[in-house]
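Residue-level structural notes
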Amino acid sequence: MAVTRKPVVEVRRSQRRRRTVSAYRDGERVVVLIPDQFSRAEESEWVDRMLARLAAREGRLARSDAELLARAARLIDLYLTEYGSAAAPASVRWVTNQNGRWGSCTPADRTIRISHRVQDMPDWVIDYVLLHELAHLIVPSHNADFWALVARYPRSERARGYLEGVAATAAIP
Ligand SMILES: [Zn+2]
């Protein structure tokens, strides 16, 4: 199974461009327009950045915050049902400013944030990342009680393996 989907990228250099970089999808390809004077290092840095931006933009359309909240309600129903409102978040949002983690949770105000990098992953992996954060609303630390809650989700182990594989290939710190 492929864990990363890298589109074919076509870089076009333009002498008229000074600083601006833009990117758009053209069928299966992504065209990235950069200034002609960019170095190779700048080029590859900007290609990565524009691909992430494009994925975030497209992912946001497909998987909204509202959908994430509905997903949370379903997961609570299935796996944390006896906790009821104790497991219910005040808000669940997709965020793009979270680079070292897949998700985070603030038990004090009951907010959950999920990284946009999870948006393109299979549903069962998104469910794991979300359930992990929901379980933190009940047990804040990674202790045995916490992992027992997470283990109620049948694909926890597999999802953790999937995420480790993605982190390894993307060299996420
Ligand atoms: Zn955790």
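Let us look at the structure shown here. For every chain, the first residue of its written sequence is number 1, and the numbers climb from 1 along that sequence. Selection of residues for local features in this predicted model requires a pLDDT of at least 70, selection of side-chain atom pairs for listing and counting requires 80 or more, and totals for whole chains, interfaces and linings are taken over all residues. Only hydrogens and water are set aside when side-chain values are computed; all heavy atoms of the structure are taken into account.

Quick look at the packing of aromatic side chains
The criterion, for reference: Classification of ring pairs rests on two measures: the distance between centres of Phe, Tyr or Trp rings, Trp counted by its six-membered ring, which must be within 6.5 Å, and the angle between planes, read as stacked under 30 degrees, edge-to-face over 60 and tilted in between. Here a helix means four or more residues in a row that DSSP labels H or I, a strand means two or more in a row labelled E, and each is numbered from the N terminus. Relative accessibility thresholds used throughout: buried, under 20% of the residue-type maximum; exposed, over 50%; partly exposed, between the two (1.4 Å probe, protein chains only). Two thresholds decide whether a charge sits over a ring: the Lys NZ or Arg CZ must be within 6 Å of the ring centre and within 35 degrees of the ring normal.
Taken as a whole and judged by the stated rule, the model has 4 aromatic pairs. Arranged with centres 5.5 Å apart and planes meeting at 85°, the rings of Tyr-79 and Tyr-153 form a pair that is edge-to-face. Of this pair, Tyr-79 sits in helix α2 (residues 65-79) while Tyr-153 sits in the loop between α4 (144-150) and α5 (156-170), placing them 74 residues apart in sequence. Its relative accessible area of 6% is what places Tyr-153 among the buried residues. Against the face of Trp-124 rests Arg-158, its NZ or CZ located 4.4 Å from the ring centre.

Here we look at the environment of Tyr-128
Quick note on the threshold: By the convention used here, residues are in contact when the closest approach between their heavy atoms is within 4.5 Å.
By the secondary structure assignment, Tyr-128 is in helix α3 (residues 123-138). Each C-alpha atom, one on Tyr-128 and one on Arg-160, is 8.1 Å from the other, the two residues being 32 residues apart in sequence. With residues up to four places along the chain from it excluded, the contact list for Tyr-128 reads Trp-147, Val-150, Tyr-153, Ser-156, Ala-159, Arg-160 and Leu-163.

What to know about the sheet that holds strand β3 (residues 29-35)
Rules: In short, DSSP must find at least two bridges between two strands for them to pair. Between N-to-C directions, angles cover 0 to 180 degrees, with each direction set by a line fitted to C-alpha atoms, over the stretch in contact for helices.
Spatial strand order, β1-β3-β2: 3 strands in an open sheet with mixed pairing. Each of the sheet's edge strands pairs with one partner strand only, and the pair in question is β1 (8-14) and β2 (22-26). Ignoring strand direction, the axes of neighbouring strands in this sheet form an average angle of 25°. Alignment of β2 against β3, held across 5 bridges, turns out to be antiparallel.

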